[in-house]
Amino acid sequence: MRIRIMIAAIAACLPLLTHAADAPAPAQKPWLDSSLNPDQRAKLAVQAMTQEEKLSWVFAWFGNDFGPKKKTPAALAQSAGYIPGTARLGIPALFETDAGLGVASQAGPQVRERTQLPSGLATASTWDTKLAYAGGAMIGAEARASGFNVMLAGGVNLLRDARNGRNFEYAGEDPLLAGTMVGQTVKGIESNHIVSTVKHYAMNDQETGRFVVDSRIDKAAMRMSDLLAMQLALEGSDAGSVMCSYNRVNGVYACENDYLLNEVLKKDWGFKGFVMSDWGATHSTEMAANNGLDQESGHEFDKMDYFGPALAEAVKAGRVPQARLDDMVTRIMYAMFAKGVVEHPVREGGAIDFAAHGAVSRQDAEDGMVLLKNDRNVLPLAKTVRTIAIIGGHADVGVLSGGGSSQVYPVGGMAVKGLEPKIWPGPVVYHPSSPLRAIQAQAPNAKIVFDDGTDPARAARVAKSADVALVFATQWVGEANDAVSLALPDKQDALIDAVAAANNSTVVVLENGSPVAMPWLNKTPAVLEAWYPGTSGGEAIARVLFGAVNPSGHLPATFPASEQQLPRPKLDGDRKNEEKAFAVDYSEGAAIGYKWFDLKGLKPLFPFGHGMSYTTFSYAGLGAKVQDGKLHVRFKVTNTGKLAGKAVPQVYVSPLAAKWEAPKRLAGWDKVALQPGESKEVEVTVEPRVLGMFDESAKTWNIAKGQYKLMLAKDAAGVDAASVTVDLPAQVLDVRGRAR
Ligand code: BGC
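Residues numbered from 1 in each chain as written. Predicted model: local features only at pLDDT ≥ 70, side-chain atom pairs only at ≥ 80, totals over all residues. Heavy atoms only, no water.

A. Structural view of the state of the cysteines. According to the stated counting rule, one finds one disulfide in the structure shown. Linked covalently through their sulfurs, Cys244 and Cys255 form a disulfide whose S-S length is 2.1 Å. What sets the handedness of the Cys244 and Cys255 disulfide is the S-S torsion sign, and at about 110 degrees it is right-handed. Of this pair, Cys244 sits in strand β7 (residues 241–244) while Cys255 sits in the loop between β9 (252–253) and α9 (258–268); the two residues are eleven residues apart in sequence, bridging distant segments of the chain. With respect to burial, Cys244 and Cys255 carry one shared label: buried. (Disulfide = S-S within 2.5 Å. Helix = DSSP H or I, 4+ residues; strand = E, 2+ residues; numbered from the N terminus. Buried < 20%, exposed > 50% of the residue type's maximum accessible area, 1.4 Å probe, protein only.)

Listed below in structure tokens is the structure:
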């Protein structure tokens, strides 16, 4: 070992003969030698640290004032966090920012204005891994240009409850879709030589009572649902960090949970990066350190400085082994070296091409919009339309975004000011991308009348005299703020009823955080799900409404018809008493979303996978074969309509003999762009874990021998384009899904 290091150190010295004298001397700082691998470098760096330096890496600071506690001056203004570097060793500080939709700012007078992607649900609705990557690469570039080298991005909690206020930060209900898409976003972020943080590990599936709730679930069911999504996101991204969540899981806080952190994450999945706590999620010194937490984030939020002097003391007394402290720091160093944080230092004030980034955000929004309904081909609107009534949702000035720590502040300022709540988890932010102006640009000769929608009778009068009425319905939710029900707030159902009664060409455009009920659905011919559409949302909405873009988004979550269809018709917990501990029994296990609806024979409002287009597609020639131990599905997709468009053929699989948590699972998909009349052959390789059941005691994924029905479908509601049955041999996969 020593010889290898010496050779590498000598090799690294060579450039010094010709290069600048201020370059570090690798002979004394061999961890800065990039020809060594990140494991070696991390180890060498930690070996060179004093105990005090080691301890400084596991104790992180909030980047904003916290009550009477002032932020450390070294942190970037109004940021999420800061960890001092070890300048003596040439290792830079860590500067942390939220989140998965762009560079956020903590509250205060000096927010940074940045590009916001559409919501995570919108990106998931694209079913396009390339767009997920491109969005990640874009926001990661803005993080770097803003001086950050850690992005707290990679939210992949499954949508178990449509009322979860943070669903908009995540990627829906299916572990394969969510894990794959978020993995690509994180990979894109980290392509900027910064660390990204897959979160919130694990089972932080509602905001109500998030600090006190105990999420109870069968372990195998968790491995096949929430944990599978995390596992796939980590495999797809090789993320440098994971954030453990606030809640307890099966009785133990996630940030001191030996099973989650040591056993599943680090041992079973082989995660080599570091675990940071959520802000205020550390509850102990010894238990947290010994059970796998590597860094206490935003220590100001915790009851005491658990990884401060208390940890130093615990290590001294041997209650936390020295080797464990070394491992904590080694993991942080590993992530920094592996992602290029050390070689590519960040600096505040970098240039940002907002026009180019706005276009990235716009394409994501356009591909993620889901045309839910389109009777009589009301959409796309003709450019020759004479009069348009635009109603509600502040659609004259902007588009809505979701609240909490992921809030990105718009370039050019907030389009609507003074909305409640003005403070956490607010403010309520509208991006200044006006749907009205963008609609006018699509139909320059049209007369547009705007009504704010506060008076349904007045709005109906405005709608009556127009050729078409566009109602913009909004639902603001956010972190620490679950939706109280599936209903649209502020009497918007009554508004839509009134407008639809006055104008039979009423189109509803939804800007919402997650699925909502639509009691007015049979009165409106068309509904466009625009989600929170991000920085360029107004333009994206207008381009979809007028057919400049053919909609191709598909739902990443089931839209229930009512709360009664949910596993828990009433959300557990008491919003008025967030201190009172309680448990949520996730007895549905891995049967989430469409799986639950299949299992119970329920008919949703809109099924998972649903999404319409202005053209039509046909699927044919379905075949399947096992090759190299993997199941491959092939078929042909044809655009049978008159417009170019993108199809999202979905493959579901159902065991004929074996018993799963639910009748079928999503096995794969593709997103296929086709000109009118064009056909393409598609091959989908099935992720083997999707074919098996997890055995918690053996830690294997077991695929039962027998027949499996593969269904090529347009959504999960069971209207299959075709199906085929394959025989699979019994197969045992290891805990990472590899053939043994
Ligand atoms: C959120 C995290 C976030 C952190 C830092 C917490 O309240 O749960 O998602 O990264 O704050 O802002």
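B. Representation of the site of the ligand within the structure. Near the ligand lie 13 residues; those nearest to it are Asp98, Arg166, His200, Asp278 and Glu479. In this structure, an oxygen atom belonging to the ligand sits 2.7 Å away from a side-chain N or O atom of His200. Within the complex, the protein chains bury 95% of what would otherwise be the 310 Å² of accessible surface of the ligand. Split by residue class, the shell around the ligand holds four nonpolar, three polar and six charged. (Near = heavy atom within 4 Å. Polar contact = N/O pair within 3.5 Å; in protein donor to acceptor, adjacent residues only side chain to side chain. Areas by Shrake-Rupley, 256 points an atom, 1.4 Å probe, with all protein chains shown as cover. Nonpolar A, V, L, I, M, F, W, Y, C, P; charged D, E, K, R; others polar.)

C. Seen up close, the pairing of strand β5 (residues 195–201). By the criterion of burial, β5 is predominantly enclosed, with seven of the seven residues buried. Inspection of the sheet shows strand β4 (residues 150–151) paired to β5 by two bridges, in the parallel sense. Along β5, the bridge assignment pairs Met151 with Ser196. Since β4 and β5 lie parallel, the crossover through helix α6 (residues 175–190) that links them has a hand, and here it is right-handed. Pairing of β5 with β7 involves three bridges; the strand directions are parallel. What sits directly across from Val198, in β7, is Val242. (Pairing = 2+ DSSP bridges. Right-handed = clockwise from strand over helix to strand, strands pointing away.)

D. Main features of the sheet that holds strand β27 (residues 693–695). In spatial order, the strands read β27-β28-β31; together these three strands make up an open sheet with antiparallel pairing. If you trace the sheet from one side to the other, it starts and ends with β27 and β31 (731–733), each paired once. Taken pair by pair, the neighbouring strands of this sheet meet at an average axis angle of 30 degrees, ignoring direction. (Axes fitted to C-alpha atoms, helices over the stretch in contact; angles between N-to-C directions.)

E. The packing of helix α2 (residues 38–48) against helix α12 (residues 322–339), seen in detail. Where α2 meets α12, the closest approach of the two axes is 8 Å, and the angle between their N-to-C directions is 130 degrees. It follows from the interaxial angle that α2 and α12 lie oblique. Judged by the sense of rotation from one axis to the other, the crossing of α2 with α12 is right-handed. Two secondary-structure elements touch here, α2 through Pro38, Asp39, Arg41, Ala42, Lys43, Ala45 and Val46 and α12 through Asp326, Val329, Thr330, Met333, Tyr334, Phe337 and Ala338. Tallied by class, the residues present in the contact of α2 with α12 amount to nine nonpolar, one polar and four charged. (Parallel < 35°, antiparallel > 145°, perpendicular 65-115°, else oblique. Left-handed = near helix turned anticlockwise from the far one by under 90°. Contact = heavy atoms within 4.5 Å.)

F. Quick look at the domain arrangement of the chain. Segmenting the chain into domains produces domain 1 (2–338), domain 2 (359–545) and domain 3 (617–733). Each of domain 1 and domain 2 was reduced to a C-alpha centroid, and the two centroids are 36 Å apart. Across the contact, 39 residues belong to domain 1 and 40 residues belong to domain 2. Taken over both partners, the interface formed by domain 1 and domain 2 buries close to 3000 Å², and the fraction arising from carbon and sulfur atoms is 58%. On the domain 1 side of the interface with domain 2, the three residues burying the most area are Gln116, Arg163 and Phe168, jointly 22% of the side's total. For the pair domain 1 and domain 2, the interface holds two salt bridges. For Arg166, the salt bridge is made with Glu479, and the minimal N-O distance between the two is 3.3 Å. Inspection of the region where domain 1 meets domain 2 yields 20 residue pairs in polar contact (both at pLDDT 80 or more). Elements with a contribution of two residues or more to the side of domain 1 that touches domain 2: α4 (120–126) and α5 (129–145). Sorting elements by how many residues they give to the side of domain 1 that touches domain 2 places α4 first, with five residues. In the side of domain 1 that touches domain 2, the residues fall into 15 nonpolar, 14 polar and ten charged. (Domains from an automatic or database assignment. Buried area = accessible area lost by both parts, 1.4 Å probe. Salt bridge = Lys/Arg side-chain N within 4 Å of Asp/Glu carboxyl O.)

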